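Residue-level listing of the chains:
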Amino acid sequence: MSRSDPSVSLRLPSEVEAQVDVRPADGRPRLRLVVTRGALGVELEAPYELGPIAITSLSATFPDVKFPVELSGGIGNFRHRRGRLVSIAIALSTVPTGRWARQQLRRVLGTDVEQVLVAPSEDGAIVGLATAGGALAFEVVCAPTGDDLRFMATEARALGLALPPQVLAVQALGAMLRPHGEAVGGAIVVKGVTGRIVRELMPHAGMRAPATRGMTWKALAYDAQGVTVSAEETATPIALSSRAVRALEGQTLVADAEVAALKGQTDDARSRYLEALARAPRHPEIARRLAELDRAAGGRTEAALSTLTEAMTPMEAGLLGASLLAAHGDRDGARVAYRRAAEAEAYGVLAAMSWLEAARLEDDAEAALECLDEAVARAPGLAGARWARIGQLLRRGDAETARADVEHLEAAARGGRARHEVWKRFGEQLLTHRHLGLARDAFERALRYAPDDVETVAGLARALALVDERRRALDLLSRAVGLAAKRRERADRVVVELAAALAEVADDRPAAIAHVRGLEADSPVVFEARALEARWCAELGDLAGADRAGARLQEAVEAALGALVAVETTSDRRWGRSDSAYATREDARAAIAMHLWEVARIQQLDRRDLARARQLLALAMRLAPQHRGIRDAFRRVASDLDERRAPEPMATSRDEDPATPPRRELRRTDVPMPLTQRNTPVIGSEPQPSISEAVTHPIPSSAPSPVTHVGLGVPTAMLPEDDEPLLDDDDEADLELRVEQLTAQLRADPARADFAEELSGILERLGRDHDLLALVSGRIDDYGSTPALDTYRRGALTRLRDQATAEGRADEAQLYAMMIDQET
């Protein structure tokens with residue numbers, strides 16, 4: 001035998017080896033010649049990676065080669081000979097497998113996969129996938145058969161994803177095994193595994209692939225590093241675990257149903273699942289998959305619960321049972337089920353999302369915070385868990401602890417833009433929860449990473465306005481609008497805020513009008529802009545301009561009326577554009593009704609155009625039919641209009657009652673009273689006058705009514721509770737007349753405390769809590785506090801807080817709660 005070829009290594013049967021250095025080209029498998037069992041062959045000298053698979057050992061023989069043989073040419077002499085595979089062992093390590101699988105899975109879930117976990121379990125593996133808004137986890141069971149490997153996905157569970165978890169699991173498993181895997185009845189089968197490996201490996205070494213006939217998998221082992229599987233020629237097949245046997249039996253039962261589900265044929269899949277459940281009554285896995293199919297279809301909560309409870313309790317069904325209980329309205333049961341599922345979940349991201357769901361269902365703030373702490377502990381890198389805890393901490397007033405979470409998010413963010421988004425979002429939350437100094441600091445820190453970001457500059461302006469730095473806020477708003485114009489970006493809400501600041505801080509209403517008048521009809525703040533334009537024109541005495549702005553507002557509302565009055569569903573809560581100023585249709589209806597009422601006031605009192613005022617109020621009533629102020633204003637305007645159009649009655653003699661009062665003139669009580677501002681006050685705004693101030697200093701006809709501004713103050717509807725008892729029309733009219741009389745008496749003698757207390761009682765009885773709050777607050781400021789006024793003020797604040805809470809306006813409710821706390 002020649003030793004001139006450095007690629008040759010001969011191992012003799014006597015275990016006496018004669019080896020030389022092996023210097024293969026980079027990236028090529030290392031093979032060596034061996035003599036074993038009286039035959040010449042080759043074996044793999046070092047493990048070789050083939051994608052996510054590591055081939056740890058390989059042995060093949062050349063049965064047609066007879067001794068003696070010339071070996072001076074090394075392995076190259078045998079490159080064209082076809083050998084026979086004797087044994088092979090492969091390993092899948094968790095880290096490289098997860099890294100490779102992430103690339104394969106991008107197209108499966110319809111979004112980028114942020115994390116992939118592949119971890120071995122006792123007799124299989126767990127696979128976990130996380131996207132921006134959801135997570136999926138499932139168990140993989142492997143059942144070797146001959147030279148084939150059958151992979152089955154079981155116990156699939158998910159949150160935040162639309163398709164049934166089992167369908168997603170099979171799709172993900174198929175993507176991970178692409179292009180070698182083939183879907184067979186809901187399982188993924190890789191046929192002729194050893195043949196596929198050697199056909200890929202041996203050409204890299206310059207050799208023909210050996211024959212693999214008769215290869216059988218003989219061992220399958222799981223450890224902390226991954227999975228190891230080996231095969232030999234004519235070996236005894238592997239004895240499957242009980243779990244693998246159950247998975248195989250279950251897969252046989254639901255094979256047709258799984259195929260239909262993967263094709264999206266929901267009804268066919270459901271029928272076949274029912275047939276399988278009839279053959280195997282109360283089979284837990286079949287019942288689970290059928291219930292998942294019904295839940296994903298929507299509107300079948302009762303059917304899903306009925307199917308599930310025949311095989312197990314909802315508490316035993318993990319996330320599926322918890323979500324069904326929540327959809328059924330059982331908040332307590334769902335909360336407990338989510339907690340149990342989170343404690344039992346092996347995949348950290350899915351466990352954290354389960355804790356988030358449990359926190360969402362908690363009524364107690366401290367218990368919710370405990371759930372959020374658990375979520376962060378299970379998945380420290382999950383941004384959603386940290387943001388949820390930040391929000392809860394800010395609601396509790398613990399801004400410093402929340403800042404620690406923000407700094408963690410900043411450290412985890414990649415790139416300056418991502419860090420900027422972290423601090424901008426934190427600044428907006430601080431602004432919402434009235435942590436004004438910290439909000440300013442957060443926006444300034446965000447500007448370090450993106451100094452020309454329009455929304456961040458505007459956010460800093462809002463924070464400064466709330467700490468009485470209104471001039472600087474005006475400058476920043478002007479800069480934000482300039483940046484948007486330079487980049488050809490739309491920043492309509494910032495434009496409205498700049499216009500409000502110009503009108504109220506710089507007293508430059510013409511410039512303010514120019515800004516809002518230039519907004520397009522498809523602007524997300526078009527209703528606000530038209531109402532403000534009408535107000536400022538009226539204040540300048542340009543009643544024709546106010547009329548044109550009112551007409552444009554009416555046109556905009558009529559164009560959007562169909563969408564505004566549509567029935568709102570839980571799946572379609574946002575109204576209009578994605579950048580709409582209103583979160584829901586209910587918010588939009590309430591705010592736009594206030595704008596219409598404001599413009600109707602201008603038509604009624606300034607232009608004396610009762611017909612236009614009635615049209616605007618009728619439109620407002622369609623949006624807020626239960627609003628008492630709008631309804632009363634409409635009734636009075638309609639009555640005055642009818643009286644004006646009626647012919648003058650002929651004078652009668654003795655039957656005419658000389659005591660009959662003359663026709664009622666238009667009154668200031670026909671216009672909207674000051675609205676409580678939501679979120680943040682208007683830049684440069686002063687406190688609205690109380691009723692006592694109003695009657696002492698009459699409001700001129702051009703005085704602005706309290707329409708607030710996007711970002712700097714959002715209008716709030718004064719809608720009564722659904723079950724609020726309304727007064728009879730006669731009683732209500734009498735009380736309204738008494739309100740006018742008392743108002744006139746207070747105008748003549750503002751110091752009369754008895755008039756003020758009587759007026760407070762009537763306003764409370766009428767349910768006009770905003771007016772009541774304005775009255776008693778002004779009296780307390782002017783003449784000091786009394787037990788009666790304190791009681792009225794506290795009662796009004798409590799009712800306003802409860803009403804805001806019931807209508808989902810958490811920020812406004814918190815503001816009233818803070819005012820109540822200051823009282824105590």
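Residues numbered from 1 in each chain as written. Predicted model: local features only at pLDDT ≥ 70, side-chain atom pairs only at ≥ 80, totals over all residues. Heavy atoms only, no water.

Visitor: Before we go on, may I ask you to explain the overall build of the protein chain in this structure?
Guide: When you go through the protein chain residue by residue, the secondary structure sums to 30 helices and 15 strands. Residue burial in the protein chain is summarised as follows: out of 824 residues, 50% are buried. Partitioning the contacts of the protein chain with sequence separation of at least 6, the portion at a separation of at least 24 is 58%. Here the protein chain has roughly 38100 Å² of accessible surface; of this, 49% comes from carbon and sulfur atoms. (Helix = DSSP H or I, 4+ residues; strand = E, 2+ residues; numbered from the N terminus. Buried < 20%, exposed > 50% of the residue type's maximum accessible area, 1.4 Å probe, protein only. Contact = heavy atoms within 4.5 Å. Areas by Shrake-Rupley, 256 points an atom, 1.4 Å probe, with all protein chains shown as cover.)

Visitor: It is not clear to me how the sheet that holds strand E11 (residues 148-159) should be interpreted in this structure. Could you clarify?
Guide: Within a sheet, adjacent strands bond to each other through the backbone by hydrogen bonds, running parallel or antiparallel. Taken in spatial order, the 6 strands line up as E8-E9-E10-E11-E13-E12 in an open sheet, and their pairing is antiparallel. Among the strands making up the open sheet, the edge pair consists of strand E8 (115-120) and strand E12 (182-184). The sheet shows a mean angle of 30° between the axes of neighbouring strands, direction not considered. Where E8 lies against strand E9 (residues 125-130), 6 bridges are found, and the strand directions are antiparallel. By the bridge assignment for E9, Val116 is matched with Leu129. Across the sheet, helix H4 (residues 242-262) lies against strand E10 (135-145), E11 and strand E13 (187-190), angled at about 85° from E11, the strand it touches most. (Pairing = 2+ DSSP bridges. Axes fitted to C-alpha atoms, helices over the stretch in contact; angles between N-to-C directions.)

Visitor: Please clarify how the pairing of strand E6 (residues 53-61) should be interpreted in this entry.
Guide: The side chains of a regular strand alternate between the sheet's two faces. Strand direction decides the pairing type here: strand E4 (residues 39-44) and E6, joined by 3 bridges, are antiparallel. Paired with Val42 across the bridge in E6 is Ala60. Of the pairings in the sheet, the one linking strand E5 (residues 48-50) to E6 comprises 3 bridges and is antiparallel in character. Bridge assignment links Leu50 to a residue of E6, and that residue is Ile53.

Visitor: Explanation requested: the packing of helix H12 (residues 383-396) against helix H13 (residues 399-412) in the structure shown.
Guide: A packed helix pair is summarised by two numbers, namely the angle formed by the two axes and the spacing between the axes. Two elements in contact, H12 and H13, have axes whose closest approach is 8 Å; the angle formed by their N-to-C orientations is 160°. Of the possible angle classes, the one that applies to H12 and H13 is roughly antiparallel. You can see that H12 and H13 cross each other, and the crossing is left-handed. Of the residues in H13, those touching H12 at Ala383, Arg386, Trp387, Arg389, Ile390, Leu393 and Leu394 are Ala399, Thr401, Ala402, Asp405, Val406, His408 and Leu409. For the contact of H12 with H13, the per-class residue count stands at 9 nonpolar, 2 polar and 3 charged. (Parallel < 35°, antiparallel > 145°, perpendicular 65-115°, else oblique. Left-handed = near helix turned anticlockwise from the far one by under 90°. Nonpolar A, V, L, I, M, F, W, Y, C, P; charged D, E, K, R; others polar.)

Visitor: Explanation requested: the nonpolar core in the structure shown.
Guide: If you look at the biggest cluster of nonpolar residues, it comprises 92 residues, and the most contacted ones within it are Phe426, Phe527, Val557, Ile592 and Leu596. Of all hydrophobic cores here, the second largest spans 58 residues; its members include Leu33, Leu105, Ala156 and Ile238. (Core = buried A, V, L, I, M, F, W, Y, C linked by side-chain atoms within 4.5 Å.)

Visitor: Got a minute to help me understand helix H8 (residues 319-328) in this structure?
Guide: In an α-helix, one full turn covers 3.6 residues, which means residues spaced three or four apart are oriented alike. Among the 10 residues in H8, 7 count as buried, and that is most of the element. Those residues of H8 that sit buried are Leu319, Leu320, Gly321, Ala322, Ser323, Leu324 and Leu325. The inward-facing, buried residues of H8 abut E11, helix H6 (284-297), helix H7 (301-309), helix H9 (331-344) and helix H10 (348-361).

Visitor: Please clarify how unusual backbone geometry should be interpreted in this entry.
Guide: One can expect most non-glycine residues to show negative phi and most peptide bonds to be in trans. Even without being glycine, Asp468 reaches a positive phi, approximately 65°. The topology assignment puts Asp468 in the loop between helix H16 (454-466) and helix H17 (470-486). In the Ramachandran plot, Arg488 falls in the positive-phi region, its phi being about 60° despite a non-glycine side chain. As for its position among the elements, Arg488 is in the loop between H17 and helix H18 (492-504).

Visitor: In this structure, what is going on with helix H5 (residues 266-279)? I would like to understand it.
Guide: Between its first and last C-alpha, H5 extends 20 Å over 14 residues, near the 20 Å set by a 1.5 Å rise per residue. In the core, the buried residues of H5 are packed alongside H4, H6 and H7. (Expected span 1.5 Å × (residues − 1).)

Visitor: Before we go on, may I ask you to explain a negative patch on the surface in this structure?
Guide: The grouping of Glu343, Asp364, Glu370 and Glu374 at the surface amounts to a negative patch. Along the chain, the position of Glu370 falls in helix H11 (residues 365-378). (Patch = residues over 30% accessible without salt bridge, like charges linked within 9 Å, V, L, I, M, F, W, Y side chains within 5 Å. Salt bridge = Lys/Arg side-chain N within 4 Å of Asp/Glu carboxyl O. Lys, Arg positive; Asp, Glu negative; His and termini not counted. Charge placed at Lys NZ, Arg CZ, Asp CG, Glu CD.)

Visitor: I keep staring at the packing of aromatic side chains and nothing clicks. Help me out?
Guide: Describing an aromatic ring pair means giving the distance of the ring centres and the angle of the ring planes. Within this structure, the stated rule accounts for 1 aromatic pair. Here the guanidinium or amino end of Arg752 rests over the ring plane of Phe755, the centre of that ring lying 3.9 Å away. (Phe/Tyr/Trp six-rings, centres within 6.5 Å; stacked < 30°, edge-to-face > 60°. Lys NZ or Arg CZ within 6 Å of the ring centre and 35° of its normal.)

Visitor: What am I meant to see in the confidence of the model for the protein chain here?
Guide: Caution applies to low-pLDDT regions: their predicted coordinates should not be interpreted in detail. Here the protein chain averages 79 in pLDDT, and 82% of its residues register 70 or above. Note on residues 1-25: pLDDT is under 50 here. Beyond four places in sequence and across chains, it has 45 contacts. Low pLDDT, under 50, characterises residues 650-727; the stretch is placed with 184 contacts to residues that sit more than four places away or in other chains. (pLDDT = per-residue confidence, 0-100.)

Visitor: Is there a simple way to explain a positive patch on the surface in this structure?
Guide: Taken together, the side chains of Arg82, Arg196, Arg199 and Arg208 make up a positively charged region of the molecular surface. Counting through the fold element by element, Arg199 comes out in helix H3 (residues 193-201). By relative accessible area, which is 54% here, Arg199 ends up exposed.

Visitor: Can you walk me through the pattern of salt bridges in this structure?
Guide: Pairing is possible between side chains that carry opposite charge, provided their charged atoms lie close to one another. Under the criterion given, the structure shown has 55 salt bridges. The salt bridge involving Asp268 is made with Arg272; its shortest N-O contact spans 3.1 Å. Taken as a pair, Asp268 and Arg272 lie in helix H5 at a separation of 4 residues, close to a single helical turn. Among the residues examined, Asp268 registers a relative accessible area of 29% and is labelled partly exposed. Linking Arg601 and Glu598 is a salt bridge whose minimum nitrogen-to-oxygen distance equals 3.6 Å.

Visitor: Got a minute to help me understand the environment of Leu477 in this structure?
Guide: In this structure, Leu477 sits in helix H17. The buried category is assigned to Leu477, whose relative accessible area is 0%.

Visitor: Would you mind going over the pairing of strand E15 (residues 226-233) with me for this structure?
Guide: Note: strand E7 (residues 84-93) against E15, 7 bridges, orientation antiparallel. Each bridged residue has a counterpart across the sheet, and for Leu92 the counterpart in E15 is Val227. Where strand E14 (residues 215-223) and E15 come together, 8 bridges link them in antiparallel fashion. By the bridge assignment for E15, Asp223 is matched with Gly226. Between the end of E14 and the start of E15, which pair antiparallel, lie 2 residues.

Visitor: Just checking my understanding: could you explain the side chain of Arg768 for this structure?
Guide: Inspection of the secondary structure assignment puts Arg768 in the loop between helix H27 (753-766) and helix H28 (769-783). Note on Arg768: relative accessible area 15%, which makes it buried. Of note is the side chain of Arg768, whose polar atom sits 2.7 Å from the side chain of Asp771. (Polar contact = N/O pair within 3.5 Å; in protein donor to acceptor, adjacent residues only side chain to side chain.)

Visitor: Help me out: how do you make sense of the environment of Ala187 in this one?
Guide: For Ala187, the position within the fold is in strand E13. Ala187 gets classed as buried once you look at its relative accessible area, which sits at 0%. Residues Ala187 and Val259, spaced 72 residues apart in sequence, show a C-alpha to C-alpha distance of 9.4 Å. In contact with Ala187, other than residues within four places in its own chain, are Arg150, Phe151, Met152, Glu182 and Gln251.

Visitor: What am I meant to see in the side chain of Asp769 here?
Guide: Note on placement: Asp769 falls in helix H28. When its relative accessible area of 8% is taken as the criterion, Asp769 is described as buried. The residues touching Asp769, leaving out its near neighbours within four places in the chain, are Ala796, Arg799 and Leu800.

Visitor: Honestly, the environment of Glu504 in this entry has me stumped. Any pointers?
Guide: Relative to the elements of secondary structure, Glu504 occurs in helix H18. Remark: the alpha-carbon pair of Glu504 and Arg470, spanning 34 residues in sequence, is separated by 9.9 Å.

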